[in-house]
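This is what each chain is made of:
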Amino acid sequence: MLSILFIGDVVGKPGRVFMGKRLPALIGRYQPDMVIANGENAAGGKGITESVAEEFFRLGVDIITLGNHAWDNREAQSFIGSQPRLVRPANYPEGAPGKGWAIHEVRPGMRPIAVVNLMGRTFMNALDCPFQAFDRVLPEICQSTPGDKPPIVFVDFHAEATSEKEAMGFYLAQRAVAVVGTHTHVQTADERLLPGGAAYITDAGMTGTRDSVLGVDPEIMIRHFLSRMPVRHELAEGPAILSGVLVRADESTGKATEIIRIAELER
């Protein structure tokens, strides 16, 4: 039996600070074999920096996934290629820095875990097809891990449309241990095991200020929607929330056996 802890979109310093407070206890409670966190909003609410990535790793995160804000901090373009534990969407066109997947060696004799990051196209930037991108990278992943134990594949699907996320879940249900949605920052209550063996949730939610609009000060977003004028996003202040899921799986079959939705509130 193995378990994977996934932390939903970490938004700015409020999200990082609260993750630092709660992640040790979660690791102690669930004893995960690996920890994954989406960090595409981790630096000031948009993008990631090398120092922020190192902060994640010090807290116990094994792999960081990204999304549509992957390049909002320019330095990401220079350090992502040298940081194998930082994964950007695999369906960026050829020539984009970094990789769309990473391998985590859990312990000797155990099947490795491959983390794949994909980004949706509906209502988002028009990247390559995420469905075809998975088909392309899966053989690469298997070839990179020789032996009689193929890797267990965990997918962070960073997408806007519920329909696209659900379709991806069913598309990968027999090939992935989990398909976890990110990007909308609102945790959904549809966690389940799909026919075929994958754990699924449409969105794992966010880690950041709870009383906010996707982590941003509500008054700023209200002003934007009333006026339709551009506004400078400023992160909200107040009590935080840590959102995510724990996925348990049978290591021998690579099939999920349980998915637990996590929502830790700051009191």
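Computed from a predicted structure; not experimentally measured. (Residues numbered from 1 in each chain as written. Predicted model: local features only at pLDDT ≥ 70, side-chain atom pairs only at ≥ 80, totals over all residues. Heavy atoms only, no water.)

(A) Broad picture of the overall build of the protein. Helix and strand counts for the protein stand at six helices and 14 strands. Counting only C-alpha atoms and orienting by the principal axes, one finds that the protein spans roughly 60 × 40 × 35 Å. Relative to its 267 residues, the protein shows a buried fraction of 55%. Long-range pairs, those at least 24 residues apart, make up 66% of the contacts in the protein between residues at least 6 apart in sequence. Each charge sign in the protein was given a centre, from 27 positive and 32 negative side chains, and these centres are 1 Å apart. (Helix = DSSP H or I, 4+ residues; strand = E, 2+ residues; numbered from the N terminus. Buried < 20%, exposed > 50% of the residue type's maximum accessible area, 1.4 Å probe, protein only. Contact = heavy atoms within 4.5 Å. Lys, Arg positive; Asp, Glu negative; His and termini not counted. Charge placed at Lys NZ, Arg CZ, Asp CG, Glu CD.)

(B) Spatial organisation of the nonpolar core. Within the largest apolar cluster, 34 residues are counted, with the highest numbers of intra-cluster contacts made by Leu5, Ile7, Met19, Ile48, Phe56, Val61 and Ile64. Counting only elements with at least two residues in this core, the list comes to strand E1 (2-7), helix H1 (12-30), strand E3 (34-38), helix H2 (50-59), helix H3 (75-79) and strand E13 (240-250). Ranked by the residues each element gives to this core, the list is headed by H1, at five residues. Setting aside anything within four residues of it in sequence, one finds Met19 in contact with Ile7, Val10, Pro24, Phe56, Leu59, Val61, Thr207 and Leu242. (Core = buried A, V, L, I, M, F, W, Y, C linked by side-chain atoms within 4.5 Å.)

(C) Summary view of the side chain of Thr49. Mapped onto the fold, Thr49 is located in the loop between E3 and H2. Beyond its immediate sequence surroundings of up to four residues, Thr49 is in contact with Ala43, Asn73, Glu75 and Phe79.

(D) Representation of the packing of H1 against H2 within the structure. Following both chains from N to C, one finds H1 and H2 inclined at 25°, their axes separated by 10 Å at the closest point. When the axes of H1 and H2 are compared, the pair comes out roughly parallel. Considering the relative orientation of H1 and H2, their crossing is right-handed. In this structure, H1 contributes Arg16, Met19, Gly20, Leu23 and Ile27 to the contact, and H2 contributes Val52, Glu55, Phe56 and Leu59. Partitioned by chemical class, the residues of the contact of H1 with H2 number six nonpolar, one polar and two charged. (Axes fitted to C-alpha atoms, helices over the stretch in contact; angles between N-to-C directions. Parallel < 35°, antiparallel > 145°, perpendicular 65-115°, else oblique. Left-handed = near helix turned anticlockwise from the far one by under 90°. Nonpolar A, V, L, I, M, F, W, Y, C, P; charged D, E, K, R; others polar.)

(E) Geometry of the pattern of salt bridges. This model, assessed by the stated rule, comprises twelve salt bridges. Of the charged contacts, one joins Glu264 and Arg29 as a salt bridge, the two residues approaching to 3.3 Å between their closest N and O atoms. Pair noted here: Glu264 is in strand E14 (residues 255-265) and Arg29 is in helix H1, with a separation of 235 residues, a long-range link. Judged by its relative accessible area of 13%, Glu264 falls in the buried class. Taking relative accessible area as the criterion, Arg29 reaches 47% and is therefore assigned partly exposed. When salt bridges that share partners are traced, they join Arg22, Arg29 and Glu264 into one network. (Salt bridge = Lys/Arg side-chain N within 4 Å of Asp/Glu carboxyl O.)

(F) Spatial organisation of the packing of aromatic side chains. With the rule as written, the count across this model stands at three aromatic pairs. On the numbers, 5.7 Å between centres and 25° between planes, the contact of Phe6 with Phe154 is stacked. Within this pair, whereas Phe6 is found in strand E1, its partner Phe154 is found in strand E8 (residues 152-158), the two being separated by 148 residues in sequence. Accessibility classification places Phe6 together with Phe154 in one group, the buried group. When the ring of Trp71 is compared with that of Tyr92, the centres are 5.7 Å apart and the planes differ by 70°; the resulting orientation is edge-to-face. Here Tyr92 lies in the loop between strand E5 (86-87) and strand E6 (101-104) and Trp71 lies in the loop between strand E4 (63-65) and H3, a separation of 21 residues in the sequence. Residue Tyr92 is classed as buried on the basis of its relative accessible area of 12%. The positively charged end of Lys99 is found above the aromatic ring belonging to Trp101, 3.6 Å away from the centroid. (Phe/Tyr/Trp six-rings, centres within 6.5 Å; stacked < 30°, edge-to-face > 60°. Lys NZ or Arg CZ within 6 Å of the ring centre and 35° of its normal.)

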